[in-house]
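An overview of the molecular structure
Each chain, letter by letter, is given below.
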Amino acid sequence: MSAPARTGALRIGVVCYGSFGGSGIVATELGLAMARRGHFVHFISRQAPRRYDRRLDQVWFHGVEMRDYPVLESPSYTVALASKIVEVCEWEGLDLVHVHYAVPHAASALLARSTLGARAPRFLTTLHGTDTTLVGADPAYRSVTRHAIEQSDGVSVPSEFLRRAAVQRLGLDPALPVEVLPNFVDTEAFAPAEGPNGRCLAQLFGGTDPALTLVHVSNFRQVKRTVDLIEVFARVAREVPARLLMIGDGPERSLCETRLREAGLADRARFLGMQEHFADLLSRTDVFVLPSESESFGLAALEAQSCGVPVVASDAGGLPEVVADGETGLLAPVGDIEALSAAVLRLARDEPLRRAMGAAARARVLERFREGPVVDRYEDWYRRVLG
Ligand code: GMT
């Protein structure tokens with residue numbers, strides 16, 4: 001297998017979760033962007049990543065086969081994934097394998113590299129958030145996850161926050177070189193609304209009342225604190241005409257719907273569930289709200305800002321690196337319902353401020369988080385690791 005020229009096409013393996021989570025989206029969008037640049041990209045996961053585009057040349061998907069036998073406690077995804085990585089490396093002659101979300105992907109990669117020996121490609125690991133702050137930090141996973149990350153040929157994180165958290169929570173060697181490569185967004189796909197405003201929202205809410213539309217997008221896991229958002233919405237709706245758009249699905253969704261019904265506000269909210277294409281709708285809302293307990297970055301907040309929608313969020317984790325407090329949105333302490341509500345009401349009552357923050361949000365995304373320049377940085381990282 002000839003070593004890739006520093007400028008030649010690379011053969012890249014991408015390991016990720018195919019689910020809707022931010023890490024799967026970043027992994028998929030990065031892989032597709034690399035394929036559009038002429039590289040050969042092989043996705044390896046349980047199910048095809050959500051935004052995986054089968055029409056693109058030079059993109060393949062390899063499903064991890066899980067086999068269950070009575071003797072096994074449970075099918076071993078870690079071993080099955082490692083075997084699939086070995087197989088794809090051997091058959092496709094990969095130059096590097098980039099795993100997203102360390103648990104258990106970094107361990108599978110380490111196992112695959114050990115199996116391949118001298119034939120092994122380079123292995124890179126990107127930490128995405130809960131693999132570091134929650135799951136990976138759990139004593140049940142911590143020691144092997146830390147070791148596997150430290151054995152990677154390269155490590156990246158999306159924020160300075162997560163770089164620090166990897167040392168503080170996972171005990172990663174502080175001397176380990178870690179690249180900070182932020183989430184990125186297709187600023188043409190996620191762009192400010194054009195044409196008559198509110199068309200879609202009027203259909204959705206069955207009326208064109210000039211209500212302020214709050215929006216939230218997530219996997220409704222506990223870490224998102226979506227119930228806080230319901231509390232905030234109830235306070236805001238008492239003060240101004242408001243409606244709430246909830247996009248995504250997950251364990252806390254039913255509780256949110258129950259709380260809204262209890263508050264007599266169910267008619268003011270729409271839950272759309274998982275959505276593949278929601279950028280146009282997102283661009284027609286007024287304030288994006290993300291009250292998370294923790295966020296390594298906050299990809300959904302980035303996508304909202306790219307649409308020119310100001311963000312009200314908790315000052316958790318990497319969010320202050322994404323939302324410029326007072327410039328592109330407003331931040332408040334985690335769990336502080338009063339402060340979050342006051343921030344939303346401040347934007348609700350000041351349209352010029354809301355528009356100015358939306359414009360500043362768009363400008364900042366174009367300057368710092370546009371897909372092209374960030375993918376350039378990933379590609380540069382790949383080539384540096386390949387030497
Ligand atoms: O947002 C989620 O909870 C899904 C999670 C994941 O692991 O896929 O997303 C993480 O990775 C995203 C992409 O790097 C980040 O934008 C999210 O902030 C991060 N989530 C958390 O840290 C909770």
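None of the values given here were measured: they were computed from a predicted structure.

About the cut-offs
- Residues numbered from 1 in each chain as written.
- Predicted model: local features only at pLDDT ≥ 70, side-chain atom pairs only at ≥ 80, totals over all residues.
- Heavy atoms only, no water.
- Salt bridge = Lys/Arg side-chain N within 4 Å of Asp/Glu carboxyl O.
- Helix = DSSP H or I, 4+ residues; strand = E, 2+ residues; numbered from the N terminus.
- Buried < 20%, exposed > 50% of the residue type's maximum accessible area, 1.4 Å probe, protein only.
- Near = heavy atom within 4 Å.
- Polar contact = N/O pair within 3.5 Å; in protein donor to acceptor, adjacent residues only side chain to side chain.
- Areas by Shrake-Rupley, 256 points an atom, 1.4 Å probe, with all protein chains shown as cover.
- Nonpolar A, V, L, I, M, F, W, Y, C, P; charged D, E, K, R; others polar.
- Domains from an automatic or database assignment.
- Arc of directions from axis to C-beta.
- Contact = heavy atoms within 4.5 Å.
- Phe/Tyr/Trp six-rings, centres within 6.5 Å; stacked < 30°, edge-to-face > 60°.
- Pairing = 2+ DSSP bridges.
- Axes fitted to C-alpha atoms, helices over the stretch in contact; angles between N-to-C directions.
- Right-handed = clockwise from strand over helix to strand, strands pointing away.
- Buried area = accessible area lost by both parts, 1.4 Å probe.

**What to know about the pattern of salt bridges**
Applying the stated criterion across every chain, the model contains 21 salt bridges. Here Arg 37 and Glu 379 are joined by a salt bridge, their closest N and O atoms 2.8 Å apart. Of this pair, Arg 37 sits in the loop between helix H1 (22–36) and strand E2 (40–45) while Glu 379 sits in helix H15 (residues 371–386), and the two are 342 residues apart along the sequence. One salt bridge in this structure joins Arg 384 and Glu 179, with 2.9 Å as the shortest N-O distance. With Arg 384 in helix H15 and Glu 179 in strand E7 (residues 179–180), this pair connects stretches of sequence that are 205 residues apart. With a relative accessible area of 23%, Glu 179 lands in the partly exposed category. Taken together, the salt bridges that share partners define one network made up of Arg 37, Asp 376, Glu 379 and Arg 383.

**Notes on the site of the ligand**
Taken together, 17 residues sit near the ligand, with Ser 23, His 128, Asn 183, Lys 224 and Glu 295 positioned nearest. For the ligand, an oxygen atom lies 2.7 Å from a polar atom in the backbone of Ser 23. Between an oxygen atom of the ligand and a main-chain N or O atom of Leu 299, the distance comes to 3.0 Å. Burial of the ligand by the protein chains amounts to 95% of its free accessible area of 480 Å². No other element matches H1, which puts three residues into the shell around the ligand. The residue makeup of the shell around the ligand, split by class, is four nonpolar, 11 polar and two charged. Both domains that furnish three or more residues to the shell around the ligand are identified here as domain 1 (11–184 + 370–386) and domain 2 (202–368).

**Let's talk about helix H9 (residues 253–262)**
Within the span of H9, buried status applies to Arg 253, Cys 256 and Leu 260. Projected onto a plane normal to the axis of H9, the buried residues spread over an arc of 60° and lie on a single side. In this structure, H9 carries Ser 254, Arg 261 and Glu 262 as exposed residues pointing more than 90 degrees from its buried face. The inward-facing, buried residues of H9 contact helix H8 (226–239), strand E9 (242–247) and strand E10 (269–273). Positive phi appears at Gly 264, one or two residues downstream of H9, with a value of about 70°.

**Examining the packing of aromatic side chains**
The description of an aromatic ring pair uses the distance of the two centres, along with the angle that the planes make with each other. Applying the stated criterion to the full structure yields eight aromatic pairs. Consider the rings of Phe 40 and Trp 60, whose centres lie 6.4 Å apart with planes at 25°: the pair is stacked. Of this pair, Phe 40 sits in strand E2 while Trp 60 sits in strand E3 (residues 59–63); the two residues are 20 residues apart in sequence, bridging distant segments of the chain. Residue class for Phe 40 comes out partly exposed when judged on its relative accessible area of 31%. Given the relative accessible area of 36%, Trp 60 is considered partly exposed. Aromatic rings pair up to connect Phe 184, Tyr 378, Trp 381 and Tyr 382 into one cluster.

**A short note on the sheet that holds E2**
Strand order in this open sheet of seven strands is E3-E2-E1-E4-E5-E6-E7, and the pairing throughout is parallel. Strands at the two margins of the open sheet, each flanked by one partner only, are E3 and E7. Sitting on the sheet, H1 is in contact with strand E1 (11–15), E2, E3 and strand E4 (96–100), with an inclination near 160° to E2. Contacts from helix H3 (residues 102–116) reach E1, E4 and strand E5 (122–126) within the one sheet, and its direction differs from that of E5 by about 170°.

**Focus on the pairing of strand E8 (residues 212–217)**
When you tally the buried positions in E8, you get six out of six residues, the bulk of the element. The parallel pair E8 and E9, bridged by H8, forms a crossover whose chirality is right-handed. Sheet topology places E8 next to strand E11 (residues 287–290); two bridges connect them, and they run parallel. The residue bridging Leu 214 from the neighbouring strand is Val 287, located in E11.

**Details of the sheet that holds E9**
Read across the sheet, six strands follow the order E10-E9-E8-E11-E12-E13 without closing on themselves; strand pairing throughout is parallel. Each of the sheet's edge strands pairs with one partner strand only, and the pair in question is E10 and strand E13 (329–332). Averaged over all neighbouring strand pairs, the angle between strand axes comes to 20°, with direction disregarded. Those strands touched by helix H13 (residues 337–348) are E8, E11, strand E12 (311–314) and E13, and its axis lies near 170° from that of E12.

**Thoughts on the domain arrangement of the protein**
Splitting the protein by domain gives domain 1 (11–184 + 370–386) and domain 2 (202–368). Placing a centre on the C-alpha atoms of domain 1 and another on those of domain 2 gives a separation of 30 Å. Contacts between the two partners involve 19 residues from domain 1 and, on the opposite side, 17 residues from domain 2. Both sides together, the interface formed by domain 1 and domain 2 hides about 1400 Å², and carbon and sulfur atoms give 57% of it.

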